[in-house]
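Tertiary structure, described
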Amino acid sequence: MKKFAITAAFLMAATAATADEKVLSPFVGLERETGTNVNRAFVGADLAVPNTIFTVGTRAEFEDVGSLTGMSFTKAELNLNANITDNASLYLENDLNSDFKRTETTVGVKLSF
């Protein structure tokens, strides 16, 4: 929970500092898996790199499986997105475990209509 609070405080401070540039887009969310009774919280931000086609994104995820220990850090994501046209973008998604070791990398293209 301490890591979650520190991350949330950092994102609020960064948002206030960059509110005029609109380059930082923080987000938070909550999820519940009904079949497994897992509560999940996530926090992150997307940063549009000024004067480029790139966006860098991060996300930290915390889970509570009903134990008395509360929320625990479970994984992180580090993503890179390149908008090559108004309707197409390339992306690279890296999943990291709780020890910040890469567990999976996904490369793809997204087309919007």
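Heads up: these notes are all about the structure in this document.

1. Some words on the environment of Gly-57
Tracing the backbone shows Gly-57 in strand E3 (residues 54–64). The exposure class of Gly-57 is buried, given its relative accessible area of 5%. A sequence separation of 31 residues divides Gly-57 from Pro-26, and the C-alpha atoms of the two residues are 9.4 Å apart. Ignoring any residue separated from it by four or fewer positions in sequence, one finds Gly-57 in contact with Ala-45, Asp-46, Glu-77, Leu-78 and Asn-79.

2. Section: the pattern of salt bridges
Applying the stated rule across the entire model yields six salt bridges. One salt bridge in this structure joins Glu-33 and Arg-40, with 2.6 Å as the shortest N-O distance. Judged by relative accessible area, which is 32%, Glu-33 ranks as partly exposed. On the accessibility criterion, Arg-40 (10% relative accessible area) is buried. Lys-75 serves as the salt-bridge partner of Glu-77, at 3.9 Å between the closest nitrogen and oxygen. Residue Glu-77 is classed as buried on the basis of its relative accessible area of 19%. Salt bridges sharing common partners tie together Glu-31, Glu-33, Arg-40, Arg-59, Glu-61 and Glu-63.

3. Focus on the sheet that holds strand E4 (residues 72–83)
Spatially, the six strands line up as an open sheet ordered E1-E2-E3-E4-E5-E6, and their pairing is antiparallel. Looking at which strands have only one partner, the edges of the open sheet turn out to be strand E1 (24–33) and strand E6 (102–111). In this sheet, adjacent strand axes meet at a mean angle of 15 degrees when their direction is disregarded.

4. Some remarks on the packing of aromatic side chains
Applying the stated criterion across every chain yields a total of three aromatic pairs. Ring pairs connect the aromatic residues Phe-62, Phe-73 and Phe-100, which therefore count as one cluster. A cation over a ring is seen here: Arg-59 above Phe-42, with NZ or CZ 3.9 Å from the ring centre.

5. Points about the pairing of strand E5 (residues 88–97)
In this sheet, E5 lies alongside E4 in antiparallel orientation, the contact comprising nine bridges. Bridge assignment links Ala-82 to a residue of E5, and that residue is Leu-90. Between E4 and the antiparallel strand that follows it, E5, lie four residues. Between E5 and E6, which pair antiparallel one after the other, the connecting turn spans four residues, and Phe-100 there sits at a positive phi close to 60 degrees.

6. With respect to the side chain of Arg-40
Take Arg-40: it is sitting in strand E2 (residues 38–48). Side chain to side chain, Arg-40 and Glu-63 meet in a polar contact 2.8 Å long. For Arg-40, the residues in contact, after removing those within four places along its chain, are Gly-29, Leu-30, Glu-31, Glu-33, Glu-61, Phe-62, Glu-63 and Met-71.

The rules we used
Residues numbered from 1 in each chain as written. Predicted model: local features only at pLDDT ≥ 70, side-chain atom pairs only at ≥ 80, totals over all residues. Heavy atoms only, no water. Helix = DSSP H or I, 4+ residues; strand = E, 2+ residues; numbered from the N terminus. Buried < 20%, exposed > 50% of the residue type's maximum accessible area, 1.4 Å probe, protein only. Contact = heavy atoms within 4.5 Å. Salt bridge = Lys/Arg side-chain N within 4 Å of Asp/Glu carboxyl O. Pairing = 2+ DSSP bridges. Axes fitted to C-alpha atoms, helices over the stretch in contact; angles between N-to-C directions. Phe/Tyr/Trp six-rings, centres within 6.5 Å; stacked < 30°, edge-to-face > 60°. Lys NZ or Arg CZ within 6 Å of the ring centre and 35° of its normal. Polar contact = N/O pair within 3.5 Å; in protein donor to acceptor, adjacent residues only side chain to side chain.

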